[in-house]
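Residue strings, one per chain:
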Amino acid sequence: MSTTKKSTLKTFIRSAALAALAATVSIQSYAEDLGIVRLATTTSTYNSGLLDYLLPEFEKANGATIQVIAVGTGKALRMGRDGDVDLVMTHAPKAEAKFVNEGHGVQPRGIMYNDFVLVGPKNDPAGVKSANSIKEALAKVSATQSLFISRGDDSGTHKKELGLWKQAGTKLPFEGYREVGQGMGKVLQISSELQAYTLTDRGTWLAYKTKVDLEIASEGDKGLFNPYQVILVNPAKYDGLNTKGAQALSDWLVSEETQKRISDFRLHGERLFIANAK
Amino acid sequence: MASLTETFAAAVELLVSGDEALWTIIGVSFRVSFTALLLAIIPATLIGFALAYWRFPGRWLLLSLTHTLMAVPTVVVGLILFMLLSRAGPLGDWRLLFTQDAMIVGQFLLCLPLLVSMSHSAFQGADKRAWETAKMLGANPLRCLWVLMLEVRYALYACFIAAFARIIAEVGCAMMVGGNILNYTRSITTAIALETLKGEYAQGVALGLVLFILAMVLNVGMGLLRGKGQLASR
Amino acid sequence: MTPDSGSTQGFLRSLLPWIGSDKSEKSRPSGKLADQQSPSDSVHCLLSIEGLTQSWPDQAEALFKVDTVSWDGQQHIWLQGANGSGKTTLMRLISGLEPVQDGEIRCHDSSGAGDQRICYLHQTPYLFAGSVERNLNFVIRSLKADKRPAAREALELGLKLAGLEGLRYQDAVTLSGGERQRLALLRAWLLQPDLLLLDEPAANLDDDSVELMHRLVTDLIDKGAVIMVSSHQKNLLTDLCNTRWSISSGTLAASSIEG
């Protein structure tokens, strides 16, 4: 091969251009494969940072773009029902069961769980810390008419809280029960300002515990576990859903490797989620 | 989409059936906004008058500041108030945060610049002779001011209505310092924000309708008043 | 307090008339306690102007200058001058509606009771919303409580004098030009001012209205008031005057009118 400086340069440019073209094509072909996947999830999941930790890898490996819409559980499921998203990831078993039974969603899969904690003022006016179960703890809060801030927004956490009150045999609302209808972080702030008890998921609690004047009053009870499910929006109901992408994401989430990564996720040095896909 | 009409029908039914939760929310909104407006009207009108009739040093600066404050987003006012009233803040001992009083303070601050600015324009456009005639006829300054206010009453009504519309329709500050607590600090706008978040649109739409009807009533009322004004000055 | 800083003080005073006023003496706008002008002979000096210079806000050249002029208790003044010569401004300065830029206008209260009253009437009067009666009641309510009953009684007479008795309950906005002018004067009449300043009162008025106004003004003069009338033309009201103040080429000159 007769090589002059000029031809070397030419070759170089040509090959570079080819490579660039190939790269574009490959990205395009991947994008055509999975495209944009729309995932509705809860604010608490999103705020924990888990998705930012997990999803880029999926996007890179599959050339997909995942648009995460973080809203309350009620709204997330509503968006699924309306066909505005391709799949949902939530943590409200009863609402999820209803969602699936009514035919809005298919293929529900448990992927992980975390737990809730009851937090309250450091001086513990209701004497909750001596309680042996969450049931007893909540009964003490209502019996002493202590302030309790409820999410009141139909979120997974709110539904969990309502279920726990029912188990504790408390009739709502009692004197001191306040529904604020806001996100978990805001509810922790309000609880801190008003020195009230509240039920929070552990992720948000870990993110906020240095900013608020509260501490854990009750934790560890089995009743406080919080299972997460991922559900595909029923492709039979709407045209134009990216079910292929959603399926791939769902499969990937329950894969052994991702499950391990979920269990390895740490927030403020603490483990937040326990992967439990079967 | 069928659900849109369904939502509207449900909203109207909620309103007509006198749904207690709904009307409590409306009550909170009106109580807070009316109180804030009533508290703000007198100082704001006096400041607006002083700005229009009194050439004092710093007047220009105060006017510019007023116009600037009018453009400050409600969430910013909410944020500043939040920091002041928070337990960690300088006014934390007042324990005002997440109460209706905090919302009133916030809305007071929100409507004050608007009231000052609009009443200033109103007084600026007033017939000076009104004040002068009253003065020449021996009226004391307060009475002169009253005559002047009567002279520009339609502009002042418009000013009050605009201020009320601004605060009853604002959500940023009410959410931040009120906290959207059911039966305590949940107002029309914070409730709409919440209901939308929950995916429960009917109540949101019903509350939106209330705001819409309110706006219409205020505007029609204003139009009628103006019409009367024109008739009278012919 | 100096006369230069008059603008804000002037406002303050207009808002709060008791500020800077002395029981027996009001000096505008400086608030300086001027020496009591010794009354020359038997005629008491009501008001004196000294070194007054007034100009429009953005113009260097003065609108007019007044060296020294005084107004005594027997002078009824016809203020003359071309359009724009500053007649209205001078009257407004005297009545305290405008702050004095430079110089001094002093009022000397003859009674010593501190309630010498100057009343200026706009060329086009401002009427309050409501009926004719309401306009008049406004004045009565401004009076000191002890003077109100007398004023209330005088109201009937005044309405007759001004030819407004049939219009008592009529909305003031529906009055004709002449009726508006008469109502404005009647308000002043009820107030019984010591100095009455009429700015072009007869402009565009029919003879009957001027006649009626003449009756009211004459009555006030009989009760001891002095008047100043600005007018281009000679009319019944200027005929009441015995002194001429005329502003020409920026200066004010006083002279007596040969009767």
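Just above, that's the structure.
Rules behind the numbers
One numbering rule holds for all chains: residues counted from 1, following each sequence as written. Written order determines the labels here, with chains lettered from A and ligands numbered from 1. Local features in this predicted model are restricted to residues whose pLDDT is 70 or higher, and side-chain atom pairs enter the listing and the counts only when it is 80 or higher, whereas totals over whole chains, interfaces and linings include all residues. Only heavy atoms go into the side-chain values, all of them from the structure, while hydrogens and water stay out. Whether two residues touch is decided by their heavy atoms; if any such pair falls within 4.5 Å, the residues are in contact. The salt bridge definition used is simple: a Lys or Arg side-chain nitrogen within 4 Å of an Asp or Glu carboxyl oxygen. Whenever a nitrogen or oxygen atom comes within 3.5 Å of another N or O atom, the pair is scored as a polar contact, on the condition that within protein one atom can donate a hydrogen and the other can accept it, and that pairs from neighbouring residues in sequence are kept only if both atoms are in side chains. Segments assigned H or I by DSSP are reported as helices when at least four residues long, segments assigned E as strands when at least two residues long, and all are numbered from the N terminus. Nonpolar residues are Ala, Val, Leu, Ile, Met, Phe, Trp, Tyr, Cys and Pro. Charged residues are Asp, Glu, Lys and Arg, and all others, Gly as well, are polar. A 1.4 Å probe rolled over the protein chains alone gives each residue an accessible area, and that area as a share of the maximum for its type sets the label: buried under 20%, exposed over 50%, partly exposed in between. As used here, the arc belongs to the directions running from the helix axis to the C-beta atoms. Surface patches are defined over residues having more than 30% relative accessible area and no salt bridge, joining like charges when they lie within 9 Å and nonpolar side chains (Val, Leu, Ile, Met, Phe, Trp, Tyr) when within 5 Å. The method behind every accessible area is Shrake-Rupley, applied with a 1.4 Å probe, and residues are considered shielded solely by the protein chains displayed. In this charge count, Lys and Arg are treated as positive and Asp and Glu as negative; neither His nor the chain ends contribute. In this description, the location of a charge corresponds to atom NZ of lysine, CZ of arginine, CG of aspartate or CD of glutamate. When DSSP finds two or more bridges between a pair of strands, those strands are recorded as paired.

Regarding the interface of chain C and chain B
Phase 1 of the analysis: Between chain C and chain B, the residue contacts involve 30 residues of the former and 25 residues of the latter.
Phase 2 of the analysis: The tally of links from chain C across to chain B stands at one salt bridge.
Phase 3 of the analysis: Of the charged contacts in the structure, one is a salt bridge between Arg92(C) and Glu132(B), with a shortest N-O distance of 2.4 Å.
Phase 4 of the analysis: Here chain C is connected to chain B by nine residue pairs in polar contact (both at pLDDT 80 or more).
Phase 5 of the analysis: Looking at the side of chain C that touches chain B, the elements with two or more residues in it are helix 1 (6–15), strand 6 (118–121), helix 3 (132–142) and helix 5 (177–191) of chain C.
Phase 6 of the analysis: In the side of chain C that touches chain B, the residues fall into 18 nonpolar, seven polar and five charged.

Overview of helix 5 (residues 93–101) of chain A
Residue and element names in this part refer to chain A.
Phase 1 of the analysis: All buried positions along helix 5 are accounted for by Ala95, Glu96 and Phe99. Buried residues in helix 5, looked at end-on, bunch into an arc of 100 degrees, giving them a common side. Turned more than 90 degrees off the buried face of helix 5, the exposed positions are Lys94, Lys98 and Asn101.
Phase 2 of the analysis: Those residues of helix 5 that are buried are in contact with helix 4 (73–81), strand 3 (87–90), strand 4 (105–120), helix 7 (156–168) and strand 9 (225–233).
Phase 3 of the analysis: A positive phi of about 85 degrees marks Gly103, the residue just after helix 5.

A look at a negative patch on the surface
Phase 1 of the analysis: A contiguous patch of negative charge on the surface is contributed by Asp206(C), Asp207(C), Asp208(C) and Glu211(C).
Phase 2 of the analysis: Considering the arrangement of structural elements, one finds Asp207(C) in helix 6 (residues 207–222).

Some remarks on the pairing of strand 10 (residues 251–256) of chain C
Residue and element names in this part refer to chain C.
Phase 1 of the analysis: Across six bridges, strand 9 (residues 243–248) lies against strand 10 in antiparallel orientation. When the bridges of strand 10 are listed, Arg244 appears paired with Ser255.
Phase 2 of the analysis: Where strand 9 folds back onto strand 10 in an antiparallel hairpin, the turn is made up of two residues, including Ser249, whose phi is positive at roughly 40 degrees.

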